[in-house]
Amino acid sequence: AQSVAQPEDQVNVAEGNPLTVKCTYSVSGNPYLFWYVQYPNRGLQFLLKYITGDNLVKGSYGFEAEFNKSQTSFHLKKPSALVSDSALYFCAVRDRTSGGSYIPTFGRGTSLIVHP
Amino acid sequence: DAGVTQSPTHLIKTRGQQVTLRCSPKSGHDTVSWYQQALGQGPQFIFQYYEEEERQRGNFPDRFSGHQFPNYSSELNVNALLLGDSALYLCASSLWTENEKLFFGSGTQLSVL
């Protein structure tokens, strides 16, 4: 079984400050990990993914995420937050052993609010 | 280049009715997946279609069925609607050879009264 936990329902940060949105996962094998962003009345948009290799993954809009195998975490980060980053962020995991079809498990989402 | 388009955007039905939702994938994509997103929850996988066949299915009852057409577009059908089926239904498209990267539509908001 695979699962994702996003422990914070909401994260508040001031514009220009660094932000972190937390994600921990559980899989029986090795994970594929993803972050998606959802703006109001829109579908989810792909931000970045970790498959293998470097633990620090860079994605769209200046976001990056750090894979930590020992802590089973994949936190999303950005050095300097923008008001336009305010949205709902979803972490997702897929067990690499699940075969060729992509069946991810999504977390419940974290609402990021960036204050001017 | 159009992204993933879904129709209708909103729908109101009553219990026991049947509903059909439609999805056109991003140009060049051959795989369509459907998700249910309840309020305050993450998307839950319903099923995935490739080459007009259901390839994978999540933990949803048989009331949920689908179809993929030769042009890769897809339909989601839900029979005998329940109040608990009220949710945002998301369609996501991808390439079968790169199906870890999903492109989502804006969804269909279904309300069952």
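In the block above lies the structure referred to throughout.
In this text, all values refer to a predicted model and were calculated from it rather than measured experimentally.

A.B. asks: Report on the packing of aromatic side chains, specifying residues and quantitative values.
C.D. replies: Under the definition given, this model contains 14 aromatic pairs over all chains. Where Phe-106 of chain A meets Phe-104 of chain B, the ring centres are 6.3 Å apart and the plane angle is 80°; that geometry is what we call edge-to-face. Placement of the pair is Phe-106 of chain A in strand E11 (residues 105-106) and Phe-104 of chain B in strand E10 (residues 103-104), with the two residues belonging to separate chains. Relative accessible area serves as the criterion here: at 10%, Phe-104 of chain B is assigned to the buried category. Ring geometry for Phe-47 of chain B versus Tyr-49 of chain B: centroids 5.4 Å apart, planes at 85°, classification edge-to-face. Chaining the aromatic ring pairs together yields one cluster made of Tyr-36, Phe-46 and Phe-106 of chain A together with Tyr-35, Phe-45 and Phe-104 of chain B. It is Lys-26 of chain B that lies over the ring of Phe-103 of chain B; its NZ or CZ is 5.2 Å from the centre. The aromatic ring of Trp-96 of chain B is capped on one face by Arg-55 of chain B, whose charged end is 5.8 Å from the ring centroid.

A.B. asks: Outline the interface of chain B and chain A, supporting the account with residue identities and numerical values.
C.D. replies: At the junction of the two partners, chain B supplies 21 residues and chain A supplies 20 residues. Overall, the association of chain B and chain A removes approximately 1,600 Å² of surface from exposure, summing both partners, and the carbon and sulfur fraction of that is 54%. At the boundary of chain B with chain A, the tally comes to 0 salt bridges. Between chain B and chain A we count 3 residue pairs in polar contact (both at pLDDT 80 or more) in total. Mapped onto the side of chain B that touches chain A, the elements with two or more residues apiece are strand E4 (31-37), strand E5 (44-50), strand E6 (53-57) and strand E9 (87-94) of chain B. A breakdown of the residues in the side of chain B that touches chain A according to their chemical character gives 8 nonpolar, 9 polar and 4 charged.

A.B. asks: Give a detailed account of the pairing of strand E11 (residues 108-112) of chain B, specifying residues and quantitative values.
C.D. replies: All names here are of chain B. Across the two faces of E11 the burial differs, with Thr-108, Leu-110 and Val-112 buried and Gln-109 and Ser-111 not buried at all. One ladder, built from 3 bridges, connects E9 with E11; its direction is antiparallel. Within E11, the position partnered with Leu-88 by the bridge is Gln-109.

A.B. asks: Account for the sheet that holds strand E3 (residues 19-24) of chain B, naming residues and giving values.
C.D. replies: All names here are of chain B. With antiparallel pairing, 4 strands are arranged side by side in an open sheet as E1-E3-E8-E7. Strands at the two margins of the open sheet, each flanked by one partner only, are strand E1 (5-7) and strand E7 (64-68). The sheet shows a mean angle of 20° between the axes of neighbouring strands, taken without regard to direction. As judged from the 5 bridges shared by E3 and strand E8 (residues 74-78), these two strands associate in the antiparallel manner. Residue Cys-23 lies in a different strand from E8, and its bridge partner there is Ser-74.

A.B. asks: How would you summarise unusual backbone geometry if you had to cite specific residues and measurements?
C.D. replies: A cis amide bond links Ser-7 of chain B with the next residue in sequence, Pro-8 of chain B, at an omega value of -10°. On the secondary structure map, Pro-8 of chain B appears in the loop between E1 and strand E2 (10-13). Backbone geometry at Tyr-61 of chain A places phi at a positive 60°, although glycine is not the residue there. Along the chain, Tyr-61 of chain A turns up in the loop between strand E7 (56-58) and strand E8 (64-68). Residue Tyr-61 of chain A is classed as partly exposed on the basis of its relative accessible area of 49%. Positive phi values are uncommon outside glycine, yet Ala-80 of chain B reaches one of about 45°. Positionally, Ala-80 of chain B belongs in the loop between E8 and E9.

The rules behind the values
- Residues numbered from 1 in each chain as written.
- Chains lettered and ligands numbered in written order.
- Predicted model: local features only at pLDDT ≥ 70, side-chain atom pairs only at ≥ 80, totals over all residues.
- Heavy atoms only, no water.
- Phe/Tyr/Trp six-rings, centres within 6.5 Å; stacked < 30°, edge-to-face > 60°.
- Helix = DSSP H or I, 4+ residues; strand = E, 2+ residues; numbered from the N terminus.
- Buried < 20%, exposed > 50% of the residue type's maximum accessible area, 1.4 Å probe, protein only.
- Lys NZ or Arg CZ within 6 Å of the ring centre and 35° of its normal.
- Contact = heavy atoms within 4.5 Å.
- Buried area = accessible area lost by both parts, 1.4 Å probe.
- Salt bridge = Lys/Arg side-chain N within 4 Å of Asp/Glu carboxyl O.
- Polar contact = N/O pair within 3.5 Å; in protein donor to acceptor, adjacent residues only side chain to side chain.
- Nonpolar A, V, L, I, M, F, W, Y, C, P; charged D, E, K, R; others polar.
- Pairing = 2+ DSSP bridges.
- Axes fitted to C-alpha atoms, helices over the stretch in contact; angles between N-to-C directions.

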